[in-house]
Number of protein chains: 2
Amino acid sequence: MQLGNELDERKRIILKAIIQTYLETGEPVGSRTISKYTDLNLSSATIRNEMSDLEELGYIIQPYTSAGRIPSDAGYRLYVDELMKEKEKEVSEIKELMIEKTDKMEKVLKQVVKILASNTNYATMITGPTYHRNKLKFIQLSKVGEMQLLAVVVAEGNLVKNQIINLQEPMDEETVLKLNLLLNTQLNGLSIEEINLKMISRMKEQAGIHSDVVGSVVDAVAKAIATDDEEMEIYTSGATNIFKYPELADTSKASELISAFEEKQELAEFVKDTMESSENGEKGTGIQVYIGNESPVKTMQDCSVVTATYDLGGGMQGTIGIIGPKRMDYENVVDNLKTLKNQLDHIFKKT
Amino acid sequence: MQLGNELDERKRIILKAIIQTYLETGEPVGSRTISKYTDLNLSSATIRNEMSDLEELGYIIQPYTSAGRIPSDAGYRLYVDELMKEKEKEVSEIKELMIEKTDKMEKVLKQVVKILASNTNYATMITGPTYHRNKLKFIQLSKVGEMQLLAVVVAEGNLVKNQIINLQEPMDEETVLKLNLLLNTQLNGLSIEEINLKMISRMKEQAGIHSDVVGSVVDAVAKAIATDDEEMEIYTSGATNIFKYPELADTSKASELISAFEEKQELAEFVKDTMESSENGEKGTGIQVYIGNESPVKTMQDCSVVTATYDLGGGMQGTIGIIGPKRMDYENVVDNLKTLKNQLDHIFKKT
DNA sequence: TGTTAGCACTCATTGATGTGGAGTGCTAAC
DNA sequence: GTTAGCACTCCACATCAATGAGTGCTAACA
C-alpha cells in the first residue's frame, strides 16, 4: 500500500509479469523473456533498466551476478496485496467440492484437507471448530459394568465426549439416577469458568459417599468444554506435495517441513496467529497470507502459508491453511479457500 | 533353515560379520575389514575366497565389480532367522517405557508410536485393538435438543461411540425412555451378525411412529460394533526418520514412502497380513519380519518392516509396526517390540 | 589341501578444467 | 526515452585424470 506508490504503471506491469512467470517456471526470469511476454512492446534493454530499478527498490533479487531476477518477499507481498487483485475477477469459477455429507465432523475435516491438497497441489491443514466459552448442555451417567460408569457430556454445538469412570465400590441404579439429576440441575448451561470450587464441594457434599464420582464427572466435563491448544486436533494432508517444488524438496528442508507437519504443534502457531488477527478484523475476508519471514514458524521461512478462518457463529471457529513454496499460485489458493470457507459454513450449519 | 545347512561354521561367522558391519556403516564391506573384525585371524585373501562362495550362494551381493559386499535379502533373512539368535541373550535389558496412564486409548497409542519412533529411530505405526465379533453392551438414547437425540452405544471392551440423530418431529421424554427400554432389551448382548432384518422390522413395528429412529440407532450400533478395515485408525510417527538413512532419503523414494505413511491404507496391508499369519500361530512370538520383497506393499521394497500383534484377550488385538531400511537393527527392534507388547497388555488390561 | 602374499585390474568418487549459454550492465546511437 | 551492440560474469554441464578401496587370480608356502 504505502510502498506501491513509488511504482509507475509500467513498473507495476513488469513486476507483475516477472512474478507471474516465476510462479510458473520457478526459475529466474530474464529481461528478454519479459520483453516478449508483455504487450508493452519494449526491448529487453529497456526492461533491463526497469528491472534494475525494481531491484534497487527491493522488489526483486538477483540470485547471483548476471542471472535473471526472482521476486523478493516484498515483491510477493506487493503482488498479493495489489497486483493480484487486478486480475481477480478473471478466473473465479467456483469449483464444486464434492463433500459428501457425513455425520462425523472428523470425517468431514479429513476429507476437506484431502480434497484441498489434491486441488491445489500444496500441503494443507485444518482444525476443527474450537469452542470459546462453550456451555454445557447435557450430562448422562450410565452404568456399564459392576464397577464402571460411563459419563457422556454434551456441550453446545453437540460436541460429545465420553469417559469411563472406574468406581471404588458398586453403585446401584437408583444412585446413578440421583447423581444424574444432581449433575444436570447444578451444571446445566454453565461454561467452564462458571464452575467454581465452591459449587463442586457443595455437590460433593450432596453426593455423600459418592463424592469421588462427582469429581471424576466434573473432570470429564472440564475436558469436554475446554478446548485448549493441546487438545486441538489438526488434520493435515498432502505433506508430500512439497516434493513437487524443487526449492523445497532437498532432503534437509523437506525433512524439517514434514516433521513440522507430523508434529503439528508448529502448525498450531498459525492457528493462533490467524485467530488473533481475524479478531482484529483485518480486511474482513479472514484470509491471511504469510510470505517467507512473515511466518511465525522458523522452519517455514522458505514457504508461504495462506490461512483462513471459517466461522460458524456462536463463537465457534476453525482454521484452514495451505503451505507451499513462496511461488505458490496465490490467486488459485485464495480462491479455493474462499469457496471452501463458504462450503464449510454451509455443511456445519446444516449438521 | 533349509538353506542354512550348506554353510559351515566359518562361513556363518563371516556372513554374520559382514551383515553386522553393514548394519552399522551402511556401506559395502570389504575383505580386509572383515579380516580384522573377526577373531578368526584369517588374511583378507582367505576372506575373499569365502566371500566369493557366499556370493555364489546368494547371501551377499556386489553392487558393482570390485566393490565390497552388501547383504542380499536372503542374507538378511538368514541373519534374522538364525544368526541373530545366537547373540540374542546378550543385550536384553528391558527399557522402561514411560507411558503415563491416561484414560483415552487414543492418547496411549499416540504416545506409544512416538516413544517407539524416538527409541528406534525408525518410522513406526500402531493400530488400536480391533474387536472381532464384538458384542453390544449398552445403548442410551438421550434428548439433547428439540429435534435431536444422542445415541450412545457401548460395546464390549468399553468401546464407546456416539451419534446425533436428527428427528423429523419432536419426541417427548417418555417416548425416549420407552425406546431406550426397547432397544436395550432387544439388542443387548448381541453381536452384529445376530442382528438380522427380521428383528429390526419387529422393533420398528413396536416403535410405532418413531420407527425411523430405530433405524438410525441400529445404524449407529452397527458402526460401533463393526470395525471394518476402513474404520481402523492407524497412528504413525517418526516418518521423517527415513531421512536418516541415505539409501531411503533420495527424493523420489522418500516421497513415496512418506505418502504411504500419510495415506495409511498401504499400512493396513501389513496389519491384515500380520493378523492372518499370527492366527496361523507361526513361531508364537507374534513377531513378523518382512525383508525387502517379502513385503506385501510394493512401495516398501527397499525397506524392512517388523510387525507384532498385541493381544488383549477376548478377541481384541492390535498391531505395532516398525519400518526402516533393510539394514535395520533387527535385534534392537525385535527387543523393543517384545517389551512393548508386554507393556500394552499390561496397560490395557488394567484399563 | 588350505592359507597367504603379491599383483594387475575395475570402477565409483572426487576435484580440476574447459566450454556454452543465458543474462546483465554499459555505452553509443537513434 | 528507447534501443542495438558488445564485453563481461557466472552457473551448469561435461570431460578428464587422479585416487583409492576392493576384487580375482596366480603362485608359493606349510
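Residues numbered from 1 in each chain as written. Chains lettered and ligands numbered in written order. Predicted model: local features only at pLDDT ≥ 70, side-chain atom pairs only at ≥ 80, totals over all residues. Heavy atoms only, no water.

Participant: Would you mind showing me how to read helix H1 (residues 9-25) of chain A here?
Facilitator: Within an α-helix, residues lying three or four positions from one another point in the same direction, as the helix has 3.6 residues per turn. Residues and elements named next belong to chain A. In this model, H1 (17 residues) spans 24 Å end to end at C-alpha, consistent with the 24 Å of a helix rising 1.5 Å per residue. Looking at H1, one finds that the buried residues are Lys11, Arg12, Ile14, Leu15, Lys16, Ala17, Ile18, Ile19, Gln20, Thr21, Tyr22 and Leu23. Immediately downstream of H1, the backbone of Gly26 shows phi near 80°, a positive value. (Helix = DSSP H or I, 4+ residues; strand = E, 2+ residues; numbered from the N terminus. Expected span 1.5 Å × (residues − 1). Buried < 20%, exposed > 50% of the residue type's maximum accessible area, 1.4 Å probe, protein only.)

Participant: Would you mind going over the protein's contact with DNA strand D with me for this structure?
Facilitator: What surrounds DNA strand D is a group of 20 residues, the closest being Arg10, Thr46, Thr65 and Ser66 of chain A together with Ser31 of chain B. Atoms of DNA strand D within 4 Å of the protein belong to the sugar or the phosphate in 80% of instances, the rest to bases. A distance of 2.5 Å separates a base oxygen of DNA strand D from a polar atom in the side chain of Ser66 of chain A. For the surface near DNA strand D, the secondary-structure elements that each account for two or more residues are helix H3 (44-56) of chain A together with helix H3 (44-57) of chain B. By residue number, the principal contributor to the surface near DNA strand D is H3 of chain A, which donates 4 residues. The residue inventory of the surface near DNA strand D, partitioned by class, reads 5 nonpolar, 11 polar and 4 charged. (Near = heavy atom within 4 Å. Polar contact = N/O pair within 3.5 Å; in protein donor to acceptor, adjacent residues only side chain to side chain. Nonpolar A, V, L, I, M, F, W, Y, C, P; charged D, E, K, R; others polar.)

Participant: Please explain the protein's contact with DNA strand C as it appears in this structure.
Facilitator: With respect to spatial proximity, 20 residues lie near DNA strand C, and among them Ser31 of chain A together with Arg10, Thr46, Thr65 and Ser66 of chain B are the closest. If you look at DNA strand C and keep only atoms within 4 Å of the protein, 75% of those are sugar or phosphate atoms. Interatomic distance of 3.1 Å between a backbone N/O atom of Ser43 of chain B and a phosphate oxygen of DNA strand C. Here a base oxygen of DNA strand C and a side-chain polar atom of Ser66 of chain B are 2.3 Å apart. Taken together, the elements giving at least two residues each to the surface near DNA strand C come down to H3 of chain A together with H3 of chain B. Tallied by class, residues from the surface near DNA strand C come to 5 nonpolar, 11 polar and 4 charged.

Participant: I tried to follow the nonpolar core on my own but got confused; where do I start?
Facilitator: The nonpolar side chains of soluble globular proteins are, as a tendency, buried together. Met300 and Ile323 of chain A together with Met300 and Ile323 of chain B are the most contacted members of the largest nonpolar core, which has 50 residues in total. Excluding residues that lie within four positions of it along the chain, Met300 of chain A makes contacts with Leu257, Ala260, Phe261, Leu267, Phe270, Gly292, Ser295, Val305 and Ile323 of chain A. (Core = buried A, V, L, I, M, F, W, Y, C linked by side-chain atoms within 4.5 Å. Contact = heavy atoms within 4.5 Å.)

Participant: What should I look at first to understand the relation of the copies chain B and chain A in this one?
Facilitator: Mapping one chain copy onto the other needs a rotation about an axis and a shift along that axis. For these two chains of identical sequence, chain B goes onto chain A by a turn of 180° and a shift of 0.0 Å along the axis, with RMSD 0.1 Å. When the rotation and shift are considered jointly, the pair of chain copies conforms to a two-fold rotation axis. If distances are taken from each C-alpha of chain B to the rotation axis, the shortest is found for Thr251 of chain B, at 3.5 Å. Mapped onto chain A, 100% of the interface residues of chain B again fall at the interface, so both copies present the same surface. (Least-squares fit on C-alpha atoms with pLDDT ≥ 70 in both.)

Participant: What's the story with the side chain of Ser31 of chain A in this structure? I'm lost.
Facilitator: All names here are of chain A. Within the secondary structure layout, Ser31 lies in helix H2 (residues 31-37). A residue is classified by how much of its surface remains accessible, and Ser31, at 11% relative accessible area, is buried. A distance of 3.3 Å separates the side chain of Ser31 from the side chain of Arg48, its partner in a polar contact. Among residues more than four places away in sequence, those in contact with Ser31 are Ser44, Ile47, Arg48 and Met51.

Participant: Mind showing me how you'd approach the domain arrangement of chain A here?
Facilitator: As a measure of interface size, the accessible area lost when the parts come together is often cited. Residues and elements named next belong to chain A. Partitioning chain A into structural domains gives domain 1 (9-78), domain 2 (100-130 + 229-350) and domain 3 (136-225). Counting the surface domain 1 buries against domain 2, the share from its top three residues, Asp73, Tyr76 and Arg77, is 65%. Connecting domain 1 to domain 2 are 2 salt bridges. Of the charged contacts, one joins Glu294 and Arg77 as a salt bridge, the two residues approaching to 2.5 Å between their closest N and O atoms. For the pair domain 1 and domain 2, the number of links is 5 residue pairs in polar contact (both at pLDDT 80 or more). Taken together, the elements giving at least two residues each to the side of domain 1 that touches domain 2 come down to H1 and helix H4 (73-83). Looking at the side of domain 1 that touches domain 2, the element that brings in the most residues is H1, giving 5 residues. (Domains from an automatic or database assignment. Buried area = accessible area lost by both parts, 1.4 Å probe. Salt bridge = Lys/Arg side-chain N within 4 Å of Asp/Glu carboxyl O.)

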